[in-house]
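Breakdown of the fold
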Amino acid sequence: MHLLLFFLGYSRQAITKLGIFAIFHLRKINSFTFFRNYINLTPFRPPIPRNYLMTITFQNAPPQPGGWVGIFPFTASDNQYLGWLYMEGQTSGNLIFNVPDTNGIYDFRMFAGDGTFLCRSEPFIVKKSLKADLSFNGSGSYHSDFSGMNLDDKAVSVKTDPFQRIVVAGYAFSGDTSTQLTPIVSFFVARFLPDGQPDPSFGNNGRVITPIPGIEAESVADMIIQPDGKIIVGGNGLQYGVGTCLWTGSFILVRYNTDGNLDNTFGTGGIAFINFTWFNEPAGNSNDVLTTLALQPDGKILAGGYGSLCQQQVRRSNIGRFHANGVIDSTFGLHGKFTHNIQNVNEWILDISAPEPGGDGSFYAVAAETEWLMFVANRNRIYKFNSNGTLASGFGTDGVIVDPRPGLSGSQAAREIALGPDGNLYLMGCTGSYGLIWFMKRDPITGANDPAFGTDGLVVFDHPEGANPVGLAFQNNFMVTGHHTLSGIWSASRFSLSGEYDYSFGWPKMEINDWNDEPWSMTLTSDGKMVMAGSGIFSPENQRDAMVVKFDTNSTMFLQNSTYSTNQPGCLSSNETIYARNETISSTGSISLNATKNVRIFSDFSVASGGYLSVKIYPGGFSCTKDAPMTSIIYNESVAEPDLQKIDHSVSKLVIYPNPTEGRCRVSNLVQDSISDTYIITVVNKTGKVVKEMRCMGVVEAEIDLDGLTSGIYLIKLNDGKNCLTGKVIKRDNH
C-alpha cells in the first residue's frame, strides 16, 4: 500500500514558501522501505486558494471496509490523531484534509479496519506567521469594558510611544443617546507597559475616559503620539440646531499629557474643534467626520476626513491643519482648510502620509470617490500637497491622480498611504469591507506607476477567507499588514517591496477569542513585534470589549536548496526550531545552526569533505555575532558564537538528528551511493556492548528508538559488509 502526499493547488517549491515544509519519502513499517517514486504534486500558482486543504492520494490499500487515514502530530502515538477519514473500502483514491492551524510537524498514517498500522508519510511542517507574546499580560492579550457599564467599547488605534509603551485609543458608549438618536460616546486612552500591565503612572490605573463637553461625540478614528509622549486623539461629534441644518458635525481633537490629564495648553481645556462650513455657505452646512490624523515634524497636526453637505447630500474631502497648541493654522490652504468636491461626486479622505523629517514639507493623502447614487466601483484619488496646503504641480495632473483600479467593488477603498524605505509611495487597500488586499507603488515625484511592481504598479492578493486590512508597516524591506478574516480571525501577511507575497512568513491566521473579534489597527514595536487593537465579544450580553494583542514573530526557520561555499563562517539562529533540507556545504563552506528548541536535519543535507557544520541547542536563547555574514535573527547578545566543529569524512558519513535526543533519532547516510541496499545499524554503549541492532533494506534514512537507554554517549555503526560508517549520539533523560 502506498500513501501519496498532495497539497491541493501547490507545487513543492510553493509549499515550502507557504510554511508547509514537506519531506517526500514514504515508509513501510518494520522494513523501513522508502517509496520515492510514488510522490507527485499538482502544479501551483499564487494566490493561495481560499481554503487551506491537502489531498492525500492512496494506492494499493487493502480492500476490506473500515480502513482509514489520519493526520497526526509527528511525535504522537497512533491513537493521538487530529482527524481521520475512511477509505470506504477503496484500494485507491483521494482524501481531503484541512491543514492544521497550529505550528508544528505532522504526518499522515494509514490503518486497516482492524487498527493495524499500514504505512506513514514523512513529515510536513506548518509554520504560523505569528504567535501570542506571552510576556504581554501573561497571555499576549488584554481586554476591558472601558464603559464600566457592560456597553460596547472599541479600540481603533494602537501605537508605541518614545518609551516603548503601548498606547491604545478608542471610544466607549456612554449610555446616553444623541438628539439624532445615536449613541453618544466617550473618548478613551489606555497605556501599557511593555509587559502588558496597565501603566500606573497614566490616568486611573493606565486608562482615561473623556466625555466631550458641548458636543455629542459620535466616534473616534485615529491617534498620534508626539515625540514628548503627549497623545492626540481625533474623532467627531454632532451639535443640534447650529444653523440651517438640523445637525452639524465637527472634527474633535483631544490632547493628553503624559500622565493622562488633559493638556490645557492645547485648544480650550485640551480640546480643539474644526468645522468645514465655508464663509460663503449657510451656517452649519457641513456635517464633518474625521478619519485620519498625521503629525508633521514641526509639531503641526493634519486632520483629514469628509463633510456631508446639508443641502447637496454629497460628501467632500476635508483636510485641516492645527498649530501645536491646537489653534487652526491660517497659513494652510484657505483659512487653515482644504476642501475638494465635484458636483454629484462623493469623495472622502481616508489617510494622510505626514511630511518626511528634513524634507520640503510636502505630504500625500488618499481619498475614495464615486458618483452619487451610481452603483460603480470606487476610484482612488491620490493627492500631493505642498507645505502650505496647495496642490503640488508635477505630481499626476496638477497634484492629483485618479486611479479606478482595482475596480472590483463599489466599496473598495485605500486604507493606508506611506513612503517606503526605498523612497517610493505605497498604497494599501481592500476591494470591499471584506475582500482582496491590494497594493500600489508609485513614483513620489511624478506619481507614475512602478511597472515592475505587480501589473503596472498594482498587486491584488486574494487572501484566504477574505480579509480586512488594518495597518501597514515596513520592516526589513518588507511590507507587513494586519487584517482579519470573514470569521473574525486575527491575521497578518508580509509582502516584499516588489509586491510578492512572502510565503516564508508562515501560516497567516490565529484565533484570539472567537469569530466576533474585530481588529482595527496595527503597529510594530521597536523590536519588530506586531501589536493589534480592536474589539471582541466577551460578555454574555454580546457587548464588545476593547482589546489589544501583542504577537511575537515565529522565528522557526526552514532552510532549503542553498549551497554554502564561502570561506567565512556563517551563522543562523532561531528562538524556535531550524529545519534543513537539501542544503549543501561545499569543501570550503561552513555554517553554524543554533536554535533554542531544536535543529532537524533531513537526509538530503550534504557536507563535502573539508566542510564545516555546527549544530547546537541553546535553551536560554542564542545570538549570532553581529559580524557573522548570515545572521538572521538577534536574540541574546550576551552569548558568544561557538567555534565551528569540523566533520571528518574519513571517519563518518552519517548525520544523526536530533542530537542530543531524549528518545528517537534519525540516521542519514549523506553519500547515498556508497553502500549496498542491505545493511545493519548497531548502537553501542561506552563499554562496547551492543544495546540495539536493526537490519535495513533500501533505506537512506532510518529511525532509531533510544527510549529505555540510560543517558550518555552512544556510538552508532552502519555496516553493509563493505563499509563501516560511525557517528556519536548523546542520549538525555526524558523529562
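Let me sum up the structure you'll find in this document. The structure presented is a predicted model; accordingly, all values stated were derived computationally and were not measured. (Residues numbered from 1 in each chain as written. Predicted model: local features only at pLDDT ≥ 70, side-chain atom pairs only at ≥ 80, totals over all residues. Heavy atoms only, no water.)

**Here's the deal with the environment of Pro451**
To keep it simple, the criterion reads: Numbering of helices and strands runs from the N terminus; a helix is a DSSP stretch of H or I covering at least four residues, while a strand is a stretch of E covering at least two. Accessibility here uses a 1.4 Å probe with only protein chains present; expressed as a share of the type maximum, an area under 20% marks a residue as buried, one over 50% as exposed, and anything in between as partly exposed.
With respect to the helices and strands, the residue Pro451 is situated in the loop between strand S32 (437-442) and strand S33 (458-461). Pro451 sits in the exposed class, given a relative accessible area of 64%. Measuring from C-alpha to C-alpha, the distance between Pro451 and Lys441 comes to 8.8 Å, with 10 residues separating the pair along the chain.

**A look at the nonpolar core**
Heads up, the rule is: By nonpolar core is meant a set of buried Ala, Val, Leu, Ile, Met, Phe, Trp, Tyr and Cys residues that side-chain atoms within 4.5 Å join together.
Core analysis: the largest hydrophobic core is formed by 21 residues, its most contacted members being Phe187, Val189, Ile212, Ile231, Val233, Ile252 and Tyr256. For this core, the elements supplying multiple residues, two or more each, are strand S15 (166-177), strand S16 (183-192), strand S18 (216-225), strand S19 (231-240) and strand S20 (247-256).

**Digging into the sheet that holds strand S48 (residues 612-617)**
Counted only if it meets this: Only when DSSP finds a minimum of two bridges between them are two strands counted as paired. Each axis is a line fitted through C-alpha atoms, and for a helix only the stretch in contact is used; angles between axes span 0 to 180 degrees, taken between their N-to-C directions.
On the basis of which strands lie adjacent, the open sheet formed by 3 strands has the order S42-S45-S48 and parallel pairing. Single-partner strands in this sheet number two, and they are strand S42 (570-574) and S48. Going from strand to strand, the sheet's axes swing by 10 degrees on average, the running direction of each strand aside. In this sheet, strand S45 (residues 590-595) lies alongside S42 in parallel orientation, the contact comprising 5 bridges.

**As for the sheet that holds S18**
The strand order S18-S19-S20-S21 describes an open sheet built from 4 strands, whose pairing is antiparallel. For this open sheet the edge positions go to S18 and strand S21 (271-274), each flanked by a neighbour on one side alone. Here the strands of the sheet are splayed against their neighbours by 25 degrees on average, with no regard to which way each runs. The sheet contact formed by S19 and S20 spans 10 bridges and is antiparallel. Pairing of Gly235 across the sheet is with Ile252, part of S20.

**What about unusual backbone geometry?**
Across the junction of Arg405 and Pro406, the peptide omega takes the value 0 degrees, indicating a cis bond. With respect to the element layout, Pro406 can be found in the loop between strand S29 (400-403) and strand S30 (413-419). We note that Asn150 has phi near 55 degrees; this positive angle belongs to a residue other than glycine. Relative to the elements of secondary structure, Asn150 occurs in the loop between strand S13 (141-144) and strand S14 (153-160). Among the residues examined, Asn150 registers a relative accessible area of 29% and is labelled partly exposed. Look at Gln164: it is not a glycine, yet its phi comes out positive at around 65 degrees. Tracing the backbone through its elements, the reader meets Gln164 in the loop between S14 and S15.

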